Amino acid sequence: MRILLLAPHPFFQTRGTPIAVDLMLRVLSERGDQIDMLTFPEGDDVVYDNVRIYRTPKLPFIKNISPGFSGKKLVCDGFMLIQAINLCWKYKYDIVHSVEESAFIALVLKVVFRTPYIYDMDSSLAQQMIEKFAFLSSLRFLFNAFERLAVRQAKVVIPVCETLSEDIQVYQPKRVVVLPDISLLDYSAPNNKA
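Attention in this report is confined to the structure presented alongside it. Treat the numbers as computed from the prediction; the structure is a model and nothing was measured.

## Side note on the state of the cysteines
1) Next: With the rule as written, the count across this model stands at 0 disulfides.
2) Next: Looking at the unpaired Cys-76, the closest cysteine sulfur is the one in Cys-88, lying at 19 Å.
3) Next: Given a relative accessible area of 2%, Cys-76 falls into the buried group.
4) Next: Owing to a relative accessible area of 7%, Cys-88 belongs among the buried residues under this scheme.

## Considering the nonpolar core
1) Next: Membership of the largest hydrophobic core comes to 31 residues, with the highest contact counts inside it found for Leu-4, Leu-6, Leu-109, Tyr-117 and Tyr-119.
2) Next: Of all the secondary structure elements, the ones that give two or more residues to this core are β1 (2-7), α2 (71-90), α3 (103-113), β5 (117-121) and α5 (140-153).
3) Next: Ranked by residue count, the leading element in this core is α3, at 6 residues.
4) Next: Among residues more than four places away in sequence, those in contact with Leu-6 are Leu-38, Met-80, Ala-84, Val-96, His-97, Ser-98, Val-99, Ser-102, Ile-105, Ala-106 and Leu-109.
5) Next: Counting 21 residues, the second largest nonpolar core, distinct from the first, contains Ile-3, Phe-12, Met-24 and Val-46.

## Focus on unusual backbone geometry
1) Next: At the junction of Phe-11 and Phe-12, the peptide bond is cis and its omega measures out at 0° in the coordinates.
2) Next: Positionally, Phe-12 belongs in the loop between β1 and α1 (16-31).
3) Next: In this structure, Glu-100 is a non-glycine residue whose phi angle is positive, near 50°.
4) Next: By the secondary structure assignment, Glu-100 is in the loop between β4 (95-99) and α3.
5) Next: Take Glu-100: its relative accessible area is 10%, and that puts it in the buried class.
6) Next: Its identity as a non-glycine residue notwithstanding, Gln-172 has a phi of 60°, on the positive side.
7) Next: The residue Gln-172 is located in the segment after α6 (162-167) in this model.

## Observations concerning the packing of aromatic side chains
1) Next: In the structure shown here, the tally under the stated rule is 4 aromatic pairs.
2) Next: Judged by centre distance (6.2 Å) and plane angle (65°), the rings of Tyr-91 and Tyr-93 are edge-to-face.
3) Next: Ring centres of Phe-133 and Phe-135 lie 5.9 Å apart, and the angle between their planes is 65°; on these two criteria the pair is classed as edge-to-face.
4) Next: Classification of Phe-133 as partly exposed rests on a relative accessible area of 22%.
5) Next: When the ring centre of Tyr-91 is taken as reference, the NZ or CZ atom of Arg-52 above it lies at 4.7 Å.

## Overview of the environment of Asn-192
1) Next: By the secondary structure assignment, Asn-192 is in the segment after α6.
2) Next: The class of Asn-192 is partly exposed, set by a relative accessible area of 29%.
3) Next: Sequence spacing of Asn-192 and Val-46 is 146 residues, and the spatial spacing of their C-alpha atoms is 5.9 Å.
4) Next: Discounting chain neighbours no more than four positions away, the residues touching Asn-192 are Val-46, Val-47 and Tyr-48.

## Observations concerning α1
1) Next: Here α1 is 16 residues long and its end C-alpha atoms lie 23 Å apart, about the 22 Å a rise of 1.5 Å per residue gives.
2) Next: Contacts from the buried residues of α1 go to β1, β2 (34-39), β3 (51-55), β4 and β5.
3) Next: Of the residues trailing α1, Gly-32 is marked for its positive phi of about 100°.

The rules we used
Residues numbered from 1 in each chain as written. Predicted model: local features only at pLDDT ≥ 70, side-chain atom pairs only at ≥ 80, totals over all residues. Heavy atoms only, no water. Disulfide = S-S within 2.5 Å. Buried < 20%, exposed > 50% of the residue type's maximum accessible area, 1.4 Å probe, protein only. Core = buried A, V, L, I, M, F, W, Y, C linked by side-chain atoms within 4.5 Å. Helix = DSSP H or I, 4+ residues; strand = E, 2+ residues; numbered from the N terminus. Contact = heavy atoms within 4.5 Å. Phe/Tyr/Trp six-rings, centres within 6.5 Å; stacked < 30°, edge-to-face > 60°. Lys NZ or Arg CZ within 6 Å of the ring centre and 35° of its normal. Expected span 1.5 Å × (residues − 1).

So, in structure tokens, the structure goes:
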């Protein structure tokens, strides 16, 4: 398959989601899939067979991007959308694999290019926004509506736990496959850094 992987975080760094993406890239690469990954500018360069890594532009005022919602991530997500459209314009992808908030970018790609997408869901973004910024609670219905749209339009939603899988059932997803996080006690970071 030809896959566009949207990874809206620094890559590679030895922490949660980048580790999960590293493990996924190892499997897809070994399987022989052709993957174009679009990620943020920070992180170590890693080399995989069958994988091309694209990065959003490095901007002097965007440094030390941490997990969770932030203005820095919004700026990078904006560039990610533009670059994802450009990549889809150049290449015909079989599917887009979107991690976290990049599901909304994948939704745009589905509308424009008719490319199906997978929503790799680590958490409810609507719930995260309300918990982090209590003043946004009056907009809960809007955040839920956007999340519902992203979940419903995904070919498959991959939550990390049964609880999240149960929570999103109200959105009526087409298909849900729970893929629990694994223990990282035996994890070894990629040793093929460029």
